[in-house]
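Here are the chains, one letter per residue:
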Amino acid sequence: FRIPTGVSHRTPGERTRRQTSYCNSDFIDSNGGLVIPSDWTSVPPNAFRSCTSLQSVSFTDSSVTTVGEYAFYGCTSLESVSFTNSSVTAVGDTAFYSCTSLQSVSCADSSATAVGTEAFCYCTSLQSVSFTNSSVTTVGSAAFYGCSSLESVSFTNSSVTTVSPSAFYGCS
C-alpha cells in the first residue's frame, strides 16, 4: 500500500508534527511581531514551528488561553515572549523549544497556571524569566532545561507551588 502524494501518514500514537503554518505576513508584522487574530482562543500545535521571521510574541490583550505543543518550536529569531496581563492559562509542552535567540520570558501578572514539559527547553540565549505576581502554580519537567545563559528567575509574589526537579537543569 502506498500513501498518495499530499496525504500525511502517521502511525498510531505518533504525534502530528506538521500542520498549517501561519508563518506569513498575515500573522507577522514588519517588525517581526506576532499579530494574533482577535478570534483565536488558542495557538494551534506547530502553528509557527521553525518560523525564522518571528522576533517577538506578546499575548497581552489577546483572547488566547492556550499555546499548543510545538507552536513556536525552533523559531530561531524569536527574542522575547510576554504573557503579561494575558488570558493564557497554559503553555503547552515544547511550545518554545529550541528558540535559540530568546532572551526574556515574562509571565508577570499573568493568568497562566502551568508551564509545560520542555516548554522553553534549549533556549540557549534565555537570560531572564519572571513569574512575578503570576498565577503559575506548576513549572513542568525540563521546562527550562539547557537554558545555559539563564541568569535570573523571579518568583516574587507568585503562586508557584511545584517546580519539577529537572525544570532548570543545565542552566547557569
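All right, on to the overall build of the protein then. From N to C terminus, the protein includes zero helices and 11 strands. From first element to last, N terminus to C terminus, the protein shows the α and β order β-β-β-β-β-β-β-β-β-β-β. The buried share among the 172 residues of the protein stands at 40%. Look at the contacts in the protein between residues 6 or more apart in sequence, and 57% of them connect residues 24 or more apart.

The pairing of strands in a sheet happens through backbone hydrogen bonds and is either parallel or antiparallel. With parallel pairing, the five strands of this open sheet are ordered in space as 2-4-6-8-10. Every other strand in the sheet has two partners, leaving strand 2 (56-58) and strand 10 (152-154) as the edge strands with one partner each. Averaged over all neighbouring strand pairs, the angle between strand axes comes to 0°, with direction disregarded. Pairing between strand 2 and strand 4 (residues 80-82): three bridges, direction parallel. Directly across from Ser 56, in strand 4, lies its bridge partner Ser 80.

Tallied over the entire structure, the rule returns one disulfide. Cys 123 forms no disulfide, and the closest cysteine sulfur to it belongs to Cys 99, at a distance of 4.9 Å. The cysteine Cys 171 is free of any disulfide, with Cys 147 supplying the nearest cysteine sulfur at 5.0 Å.

Turning our eyes to something else, we now look at a nonpolar patch on the surface. Residues Val 153, Phe 155 and Val 163 make up a contiguous nonpolar surface patch of about 190 Å² in total accessible area. Inspection of the secondary structure puts Val 153 in strand 10. The class for Val 153 is partly exposed, based on a relative accessible area of 30%.

Time to look at the sheet that holds strand 5 (residues 90-91). Reading across from one edge, 1-3-5-7-9-11 is the order of the six strands in this open sheet, with parallel pairing throughout. If you trace the sheet from one side to the other, it starts and ends with strand 1 (42-43) and strand 11 (162-163), each paired once. In this structure, strand 1 lies alongside strand 3 (residues 66-67), joined through two bridges in parallel fashion. Bridge assignment links Val 43 to a residue of strand 3, and that residue is Val 67.

Mapped onto the secondary structure, Leu 150 falls in the loop between strand 9 (138-139) and strand 10. Taking C-alpha positions, Leu 150 is 7.4 Å from Ser 125, a pair spaced 25 residues apart along the chain. Once residues within four sequence positions are removed from consideration, Leu 150 is found in contact with Leu 126, Gln 127, Ser 128, Val 129, Phe 168, Cys 171 and Ser 172.

Attention now moves to the confidence of the model for the protein. Confidence along the protein averages 88 in pLDDT terms, with 89% of residues attaining 70 or more. Overall, residues 1-18 carries pLDDT values under 50, and its contacts beyond four positions in sequence, including any with other chains, amount to 10 contacts.

A separate point is the packing of aromatic side chains. Under the defined criterion, the tally for this structure stands at 21 aromatic pairs. Summarising the aromatic geometry, the rings of Tyr 22 and Trp 40 are spaced 5.0 Å apart at their centres and angled 80° between planes, so their arrangement reads as edge-to-face. Taken together, the residues span a long stretch of sequence, with Tyr 22 in the segment before strand 1 and Trp 40 in the segment before strand 1 at a distance of 18 residues. A cation sits over an aromatic face here: Arg 49 above Tyr 73, 4.2 Å from the ring centre.

Considering soluble globular proteins, one finds that nonpolar side chains tend to be buried as a cluster. Membership of the largest hydrophobic core comes to 43 residues, with the highest contact counts inside it found for Phe 48, Phe 59, Phe 72, Phe 83, Phe 96 and Phe 120. Other than its neighbours up to four places away in sequence, Phe 96 contacts Phe 59, Val 67, Phe 72, Leu 78, Val 81, Phe 83, Val 91, Ala 119, Phe 120, Cys 121 and Cys 123.

Parameters at a glance
- Residues numbered from 1 in each chain as written.
- Predicted model: local features only at pLDDT ≥ 70, side-chain atom pairs only at ≥ 80, totals over all residues.
- Heavy atoms only, no water.
- Helix = DSSP H or I, 4+ residues; strand = E, 2+ residues; numbered from the N terminus.
- Buried < 20%, exposed > 50% of the residue type's maximum accessible area, 1.4 Å probe, protein only.
- Contact = heavy atoms within 4.5 Å.
- Pairing = 2+ DSSP bridges.
- Axes fitted to C-alpha atoms, helices over the stretch in contact; angles between N-to-C directions.
- Disulfide = S-S within 2.5 Å.
- Patch = residues over 30% accessible without salt bridge, like charges linked within 9 Å, V, L, I, M, F, W, Y side chains within 5 Å.
- Areas by Shrake-Rupley, 256 points an atom, 1.4 Å probe, with all protein chains shown as cover.
- Salt bridge = Lys/Arg side-chain N within 4 Å of Asp/Glu carboxyl O.
- pLDDT = per-residue confidence, 0-100.
- Phe/Tyr/Trp six-rings, centres within 6.5 Å; stacked < 30°, edge-to-face > 60°.
- Lys NZ or Arg CZ within 6 Å of the ring centre and 35° of its normal.
- Core = buried A, V, L, I, M, F, W, Y, C linked by side-chain atoms within 4.5 Å.

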